[in-house]
Amino acid sequence: MGLMGDLSTAIVLTAKLAGVTTLVLLVMATPLAWWLARSKRWFKPFVEAVTALPLVLPPTVLGFYLLLLFSPDSTLGGAWVDFTGSTLTFSFIGLVFASVLYSLPFMVQPLQTAFEAVDEELLNAASSLGASPFDAFVTVACPLALRGFLSACILTFAHTVGEFGVVLMVGGSLPGETRVISIVLYEYVETLRFDEAHDLALLLVVFSFVVLSTVYLLNRRLRFRIA
Amino acid sequence: MRLLNVVVWLVLVGSPVHLRADEIVVATASNFLATMNALAPRFSAETGHAITVTSGSTAKLYQQIVHGAPFDVLMSADQAHIDRLIKEGQAVATSRVTYARGRLVLWAGGKPLIGTPQALLSDPRWQRIAIANPAVAPYGAAAMQVLAALSIESRVTARLVYGESIAQAHVMVATGGAQLGVLSLSQVYSADPSTWVAIDDSLYSPILQDAVLLNRAAQNKAGQSFMKFVRGPKARKIIESFGYGLDG
């Protein structure tokens, strides 16, 4: 059956999922983080709360809603089937969708903190020299927030690698499509293949340690909100 | 955590016959959960013992038992895990009983279903077909045997999706993510018979489901009477009413 199949397929798939998710979030979360860092609107705390929801919600909540949302009987799932001919559930693109939601706070929060640390005076100076707000953002704020970008991307990538509950619910364990390494590890344990489980678990511990060490080294002076 | 996600807690205080009722925790394979929930109150009413039901995939329950979970009885979805528990000295070998024989059906989420299993499974109209993961679930392994017996693996395998248990495969079809599922008859038995198509027993080796008393309950009166109850006519009638076979 090849179901327990190729571990390397799962590793490549997981890296691909984490990479695509990080890129999508980089594009989507940067404007949001910038707005959160600069806005003084009364509803800003509510937007912040929504952004942070995936941190506290059980993955089963997200998994349950996504299962219903991805269903061909739902508006989104149905439209997706009409456009692409395939379903969102049990597909790579469905997992990207899920991961973008699941890892959102891990991109937004470090970016927001980095943007908040950008001195308003510098932006004012740029604008008095004739820079548009967008120019000022790209040429002044972004370079200053570089470490924030790095932390955000690394954490988003790592957190997506660590995704399990949502994938278990909407993935369907398809090799090369949705069978990421956390699922492979789960199946190793369930089938009593403890030697392989040990190897993979250790690999993930080492990977996560290296990732977190990198982030903390990067941020020795720049504090951000995710411990 | 799936542990103790379903709790049936019936204590009959003051029953004249059973002044000192015992209690048991029964770990139940997910395919049998609905049946177990029907059996539990009967058992309590009949014996005065309290019973708590917990469920999960057989493989997961096995793991939990090996790591010291406080279960008294395992209602497995297969015989292999019971073999292993007995061999490892975790269960009372003499208490072992085959309590049900599982049956496979095709189900399409409640829509009327017409045709032979061979024709239905081969039909590319069903883009996604949910089965339980054959690596961990007996019903999944049986589903793969059916595909092999019908020689339609090459036409079906690319469209399969795998639930971690037969219960998840059921959810996949119920939510529309998969259009067809190879499920346990017990999951759809109460529905309109036109919504499911039975798969011939000869296409897969019998899914014999065994139960055993675990070591910690070797001296537990409630555990012993539960094992007797499961073999009794009342329990067998209930088990049969959920679509299970009884031979074996």
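Given the structure is predicted, the values throughout are model-derived calculations rather than measurements.

**Q** Would you mind going over the packing of helix H6 (residues 120-128) of chain A against helix H7 (residues 133-144) of chain A with me for this structure?
**A** How two helices pack is summed up by the angle between their axes together with the distance between the axes. Residues and elements named next belong to chain A. Two numbers describe how H6 lies on H7: the axes approach to 10 Å, and their chain directions differ by 135°. Between H6 and H7, the angle is such that the two are oblique. Like other packed secondary-structure pairs, H6 and H7 cross with a definite hand, here right-handed. Where H6 approaches H7, its residues Leu122, Leu123, Ala126 and Ser127 are matched on the opposing element by Ala136, Thr139, Val140 and Ala141. Counted by class, the contact of H6 with H7 contains six nonpolar, two polar and no charged residues.

**Q** Help me understand the interface of chain B and chain A in this model?
**A** Note on interface size: it is often stated as the accessible area lost on association of the parts. Listed as interface residues are 17 residues of chain B and, on the opposing side, 21 residues of chain A. Only helix H2 (58-66) and strand S7 (160-163) of chain B provide two or more residues apiece to the side of chain B that touches chain A. Grouping the constituent residues of the side of chain B that touches chain A by class yields eight nonpolar, six polar and three charged.

**Q** How should the environment of Glu240(B) be read in this particular structure?
**A** Within the fold, Glu240(B) resides in helix H10 (residues 233-241). Sequence separation of Glu240(B) and Ala100(B) is 140 residues, and the distance between their C-alpha atoms is 8.2 Å.

**Q** Looking at this structure, I do not really get the sheet that holds strand S4 (residues 91-102) of chain B. What am I missing?
**A** Pairing between the strands of a sheet is mediated by backbone hydrogen bonds and can be parallel or antiparallel. Residues and elements named next belong to chain B. Pairing is mixed in the open sheet, where five strands are placed in the order S2-S1-S3-S10-S4. Only two strands of the sheet have a single partner each, and these edge strands are strand S2 (50-56) and S4. Between one strand axis and the next, the sheet turns by 20° as a mean value, whatever way the strands run. Across three bridges, the pairing between strand S1 (residues 23-29) and strand S3 (residues 73-75) is parallel. Among the inter-strand pairings, threonine 28 is bridged to a residue of S3, identified as methionine 75. Against the sheet, helix H3 (residues 80-87) makes contact with S3, S4 and strand S10 (207-214), and its axis sits at roughly 180° relative to S4, the strand it touches most.

**Q** What is the right way to look at unusual backbone geometry in this model?
**A** Excluding glycine, most residues fall at negative phi; most peptide bonds, likewise, are trans. Despite not being glycine, Ser173(A) has its phi angle at roughly 50°, a positive value. Following the sequence through the fold, Ser173(A) ends up in the loop between helix H9 (165-170) and helix H10 (181-190). A positive phi is found at Ser151(B), a non-glycine position, where the angle reads about 55°. Assessed through the 9 C-beta atoms surrounding it within 10 Å, Ser151(B) is described here as exposed.

**Q** It is not clear to me how the environment of Arg41(A) should be interpreted in this structure. Could you clarify?
**A** Structurally, Arg41(A) is set in the loop between helix H1 (7-38) and helix H2 (44-56). Taking C-alpha positions, Arg41(A) is 40 Å from Ser182(A), a pair spaced 141 residues apart along the chain.

**Q** What is the right way to look at the nonpolar core in this model?
**A** Nonpolar side chains in soluble globular proteins tend to end up buried together. Counting 79 residues, the largest nonpolar core has Val26(B), Val73(B), Leu74(B), Met75(B) and Ala143(B) as its most contacted members. Among the elements that make up this core, the one with the highest residue count is helix H5 (residues 138-149) of chain B (seven residues). Those residues in contact with Ala143(B), other than ones at most four positions away along the chain, are Leu104(B), Ile131(B), Ala132(B), Pro134(B) and Val182(B). The next biggest cluster of nonpolar side chains, apart from the first, holds 49 residues, and it includes Phe70(A), Met107(A), Val108(A) and Ala145(A).

**Q** Sorry, what's going on with the environment of Arg42(B) here?
**A** Residue and element names in this part refer to chain B. With respect to the element layout, arginine 42 can be found in helix H1 (residues 33-47). Taking the C-alpha atoms as reference, arginine 42 lies 15 Å from glycine 223; in sequence the two are 181 residues apart. Among all residues touching arginine 42, those that are not within four sequence positions of it are Lys234 and Ile238.

**Q** Mind showing me how you'd approach the sheet that holds strand S5 (residues 104-107) of chain B here?
**A** All names here are of chain B. Here five strands make up an open sheet; going across it, the order is S7-S6-S8-S5-S9 and the pairing mixed. Pairing within the sheet leaves two strands with one partner each, and these edge strands are S7 and strand S9 (196-198). Averaged over neighbouring strand pairs, the angle between their axes works out to 30° when direction is ignored. Seen against the sheet, H5 touches S5, strand S6 (129-132), S7 and strand S8 (180-184) and runs at an angle of roughly 125° to S6. On top of the sheet, helix H7 (residues 166-174) reaches S5, S6, S7 and S8; it is set at about 145° to S8, its chief contact.

**Q** Please explain H7(B) as it appears in this structure.
**A** A turn of α-helix holds 3.6 residues, and therefore any two residues three or four places apart point the same way. All names here are of chain B. Most of H7 sits inside the fold, with seven of its nine residues counted as buried. Those residues of H7 that fall on the buried side of the exposure criterion are Ile166, Ala167, Gln168, Ala169, His170, Met172 and Val173. Close packing links the buried residues of H7 with S5, S6, H5, S7, S8 and helix H8 (185-188). One or two steps after H7, the chain reaches glycine 176, where phi turns positive at roughly 90°.

Quick notes on the rules
Going along each chain's sequence as written, the residues are numbered from 1 onward. A letter from A marks each chain and a number from 1 marks each ligand, given out in the order of writing. Per-residue local features of the predicted model are confined to residues with pLDDT of at least 70, and side-chain atom pairs are confined, for both listing and counting, to 80 or more; whole-chain, interface and lining totals are unaffected and use all residues. A fitted line through C-alpha atoms serves as each axis, taken over the contacting stretch for helices, and the angle formed by two N-to-C directions is quoted from 0 to 180°. Per the convention used, a helix needs a DSSP run of H or I reaching at least four residues, while a strand needs a run of E reaching at least two, with both numbered from the N terminus. When describing relative orientation, an angle under 35 degrees is termed roughly parallel and one over 145 degrees roughly antiparallel, while 65 to 115 degrees is termed roughly perpendicular and anything else oblique. The crossing is said to be left-handed when, going from far helix to near helix, the turn is anticlockwise and less than a right angle, and right-handed when the turn is clockwise. C-beta atoms are placed from the backbone for every residue, and two residues are taken to be in contact when these atoms lie within 7 Å. Charged means Asp, Glu, Lys or Arg here, nonpolar means Ala, Val, Leu, Ile, Met, Phe, Trp, Tyr, Cys or Pro, and polar covers whatever is left, Gly included. Only strands that DSSP links by at least two bridges are regarded as paired with each other. Neighbour density around each residue's C-beta defines its exposure: 20 or more other C-beta atoms within 10 Å make it buried, 12 or fewer make it exposed, and counts between make it partly exposed, where C-beta atoms are placed from the backbone. Structurally, a nonpolar core is described as a collection of buried Ala, Val, Leu, Ile, Met, Phe, Trp, Tyr and Cys residues joined by way of C-beta atoms within 7 Å.

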